[in-house]
Amino acid sequence: MNSATKSVWSGEEKYVVAGATQVPIIQSVVFGYDDVEEWSDVIEGKKDGYIYGRYKNPTVEAFEEKVRMLEHAEAAISFSTGMAAINDTLFSLLKPGDRVVSIKDTYGGTNKLFLDFLPKFGIEVSLCETNNHHEIEAEMKKGCHLLYLETPTNPTMKINDITRLARAAHDVGAIVMVDNTVATPINQNPIKLGADLVVHSATKYLGGHADAMGGILCGSTDIINKVYEYRMITGAPLDPNAAYSLIRGMKTLHLRITRQNENAYAVAKFLKTHPLVEEVYYPGLEDDSEHELAKKQMSGFGGLLSFSIKGGMKTVNEFLPHLKFAHLAANLGAVETTVGPIHTTSHAECTLEERKAMGMPEGLIRYSTGIEDASDLIEDLQQAFKIIEEK
Ligand SMILES: *Cc1c(COP(=O)(O)O)cnc(C)c1O
């Protein structure tokens, strides 16, 4: 099956009932048994089944199965949010004295985990310059239990060579975890490139409609079971209602991503030519510094881009409200175009000093293309630029 077909069909067959063609929302906290022995067998893991909502739920499993198939993984486990997925994975696999190697450009919330929370528990984190593969490799040689990558990064759109870094990580016995939220499984499959674990904020492209939150981790049965044991106790399971919305959203995943890849390319190309635009970051552009590497591991370049305009923060604040076809909001990956400066979006969790230390340009605008017509988006940007120019 190709990914377009998987988006529609995968994971559902086992969970539909009474001839329904759609996976039902099983809105039940508990699952009862007539036979106490059978109940015990399920508790002890001798038999498959459902016990309690914090453990497993059929609607939630259908969602997990769909993403698992798209990511070519052995197993998958979902969470209430993307951050819960990242947090639970790190805390279930690491222990005091362990060392994590990662990059400076990870998502704001992830960065906070690295800077504030993991060190509090005696886990050392080394954050490297995102583009410096030599530095990342050298850091791993000093000791590494887990290599954490995000590629492309949100919103700087930098690319890490997954195959190369996974090989170096495996040489020192580290687990390789990749945040694939921005790329989506339609454009990139980190497990096929050598990663051990793939994590998504399902809130973004997987759901695609900005109406449900979720997170998911895919990988080997062995590792997923370890994370499941932790999540089962600490909480943060995906709610069955959210799982249903995510499944429904994913039916059009391939369609949406195909359009968003095209729209982002068209918008980035336009921005490159505009005199008010300073820099455009989109790995799909042939002359982008990340293009060659992106081409090696991605089949499409995604719907997210970022750019800076002349005049700094003051002009950014004036410019954004003039856009008609873009929500000014802290989200990405929805069917509607969404835009915002990074200090209110991807890196809202970080202080100005932290953003500076990470090298995040303060005036950078994150632009997440929706599925609108590209020429309408370009016209919209054009009219907003015109108002600024005439001031
Ligand atoms: C949004 C996001 C997250 C966090 O996901 P939530 O669902 O908001 O918790 C993690 N990584 C990336 C790249 C994101 O964009």
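Treat the numbers as computed from the prediction; the structure is a model and nothing was measured. (Residues numbered from 1 in each chain as written. Predicted model: local features only at pLDDT ≥ 70, side-chain atom pairs only at ≥ 80, totals over all residues. Heavy atoms only, no water.)

### What about the pairing of strand E6 (residues 197-201)?
Here is step 1: With five of five residues buried, E6 lies mostly within the body of the structure.
Here is step 2: Of the two faces of E6, the one carrying Leu197, Val199 and Ser201 and the one carrying Val198 and His200 are both buried.
Here is step 3: The pairing of strand E5 (residues 175-179) with E6 spans three bridges and is parallel. Paired with Val178 across the two strands is Val198, which belongs to E6. (Buried < 20%, exposed > 50% of the residue type's maximum accessible area, 1.4 Å probe, protein only. Helix = DSSP H or I, 4+ residues; strand = E, 2+ residues; numbered from the N terminus. Pairing = 2+ DSSP bridges.)

### Describing the packing of helix H3 (residues 58-70) against helix H10 (residues 240-250)
In a packed pair of helices, the relevant descriptors are the angle between the two axes and the axis-to-axis distance.
Here is step 1: Two elements in contact, H3 and H10, have axes separated by 8 Å at closest approach and are oriented at 35°. Considering only the axes of H3 and H10, their crossing is left-handed. Residues Thr59, Val60, Ala62, Phe63, Lys66, Val67 and Leu70 of H3 form the contact with H10, whose participating residues are Pro240, Ala243, Tyr244, Leu246, Ile247 and Met250. (Axes fitted to C-alpha atoms, helices over the stretch in contact; angles between N-to-C directions. Left-handed = near helix turned anticlockwise from the far one by under 90°. Contact = heavy atoms within 4.5 Å.)

### A look at the side chain of Asn331
Here is step 1: Within the secondary structure, Asn331 is located in the loop between strand E10 (327-328) and strand E11 (338-341).
Here is step 2: Each residue touching Asn331, except ones within four places of it in the same chain, is listed here: Lys204, Ala210, Thr338, Arg366 and Ser368.

### Observations regarding the UniProt feature "modified residue: N6-(pyridoxal phosphate)lysine" (unreviewed entry) in the chain
Here is step 1: In the numbering used here, UniProt assigns the "modified residue: N6-(pyridoxal phosphate)lysine" (unreviewed entry) feature to Lys204.
Here is step 2: Looking at where Lys204 falls in the secondary structure, it is placed in the loop between E6 and strand E7 (215-219).
Here is step 3: When sequence neighbours within four positions are dropped, the list of residues in contact with Lys204 reads Tyr107, Thr181, Asn331, Leu332 and Gly333. (UniProt positions renumbered as here; feature names shortened; annotations may be inferred.)

### Focus: the packing of aromatic side chains
Here is step 1: Inspection of the entire model under this criterion finds seven aromatic pairs.
Here is step 2: A centroid spacing of 5.3 Å and a plane angle of 40° characterise the contact between Phe31 and Tyr50, whose relative ring orientation is tilted. Within this pair, whereas Phe31 is found in the loop between helix H1 (3-9) and helix H2 (36-43), its partner Tyr50 is found in the loop between H2 and H3, the two being separated by 19 residues in sequence. Assigned by exposure class, Phe31 and Tyr50 land together as buried. (Phe/Tyr/Trp six-rings, centres within 6.5 Å; stacked < 30°, edge-to-face > 60°.)

### A word on the sheet that holds strand E8 (residues 277-281)
Here is step 1: Across the sheet, which stays open at both edges, the five strands sit in the order E8-E9-E12-E11-E10 with mixed pairing between neighbours. Taken across any chain shown, the strands that pair with only one partner, and hence form the sheet edges, are E8 and E10.
Here is step 2: Where E10 meets E11, two bridges bridge the pair, whose relative direction is parallel. Bridge pairing links Leu328 to Val339 in E11.
Here is step 3: Lying over the sheet, helix H13 (residues 312-319) contacts strand E9 (304-309), E11 and strand E12 (365-368), oriented at roughly 120° with respect to E9.
Here is step 4: Lying on the sheet, helix H15 (residues 374-390) is in contact with E8, E9 and E12; it crosses E9 at an angle near 15°.

### Some thoughts on the sheet that holds E6
Here is step 1: Taken in spatial order, the seven strands of this open sheet run E1-E7-E6-E5-E4-E2-E3, and their pairing is mixed. Both edges of this open sheet fall to strand E1 (75-79) and strand E3 (124-128), since each of them pairs with a single strand only. Within the sheet, the average angular offset between the axes of one strand and its neighbour, ignoring direction, is 20°.
Here is step 2: Here five bridges tie strand E4 (residues 146-150) to E5, and the two strands are oriented parallel to one another. Bridge pairing in E5 links Tyr148 to Met177.
Here is step 3: Of the strands in this sheet, E1, E6 and E7 touch H3, which is tilted by about 130° from E1.

### A closer look at the site of the ligand
Here is step 1: Around the ligand there are 15 residues in total, and Met83, Asp179, Ser201, Thr203 and Lys204 lie nearest to it.
Here is step 2: Here Ser201 contributes a side-chain N or O atom positioned 2.8 Å from an oxygen atom of the ligand.
Here is step 3: Thr203 places a side-chain nitrogen or oxygen 2.7 Å from an oxygen atom of the ligand.
Here is step 4: Its free accessible area being 390 Å², the ligand has 95% of it covered by the protein chains.
Here is step 5: Counting residues per element, the shell around the ligand draws most heavily on helix H4 (residues 82-93), which supplies three residues.
Here is step 6: Classifying every residue of the shell around the ligand by side-chain character gives five nonpolar, seven polar and three charged. (Near = heavy atom within 4 Å. Polar contact = N/O pair within 3.5 Å; in protein donor to acceptor, adjacent residues only side chain to side chain. Areas by Shrake-Rupley, 256 points an atom, 1.4 Å probe, with all protein chains shown as cover. Nonpolar A, V, L, I, M, F, W, Y, C, P; charged D, E, K, R; others polar.)

### Thoughts on the side chain of Thr151
Here is step 1: Tracing the backbone shows Thr151 in the loop between E4 and helix H7 (162-171).
Here is step 2: Given a relative accessible area of 0%, Thr151 falls into the buried group.
Here is step 3: In terms of polar contacts, Thr151 uses its side chain to reach the backbone amide nitrogen of Asn160, at 3.0 Å.
Here is step 4: When sequence neighbours within four positions are dropped, the list of residues in contact with Thr151 reads Lys158, Ile159, Asn160, Ile162, Val178, Asp179, Asn180, Ala183, Gln188 and Gln297.

### Observations concerning the domain arrangement of the chain
Here is step 1: For the chain, the assigned domains are domain 1 (3-250) and domain 2 (253-390).
Here is step 2: Put simply, the middle of domain 1 and the middle of domain 2, counted by C-alpha atoms, are 26 Å apart.
Here is step 3: With 44 residues of domain 1 in contact, the opposing surface of domain 2 contributes 40 residues.
Here is step 4: Carbon and sulfur atoms supply 59% of the area buried between domain 1 and domain 2, which totals about 3,400 Å² over both sides.
Here is step 5: Ranking the residues of domain 1 by area buried against domain 2 places Met157, Asn187 and Tyr205 at the top, with a combined share of 22%.
Here is step 6: Close ionic contact of Lys296 with Asp161 constitutes a salt bridge, the shortest N to O distance being 2.8 Å.
Here is step 7: Joining domain 1 to domain 2, the criterion identifies 16 residue pairs in polar contact (both at pLDDT 80 or more).
Here is step 8: For the side of domain 1 that touches domain 2, the secondary structure elements donating two or more residues are H1, helix H5 (108-120), H7, helix H8 (184-187) and H10. (Domains from an automatic or database assignment. Buried area = accessible area lost by both parts, 1.4 Å probe. Salt bridge = Lys/Arg side-chain N within 4 Å of Asp/Glu carboxyl O.)

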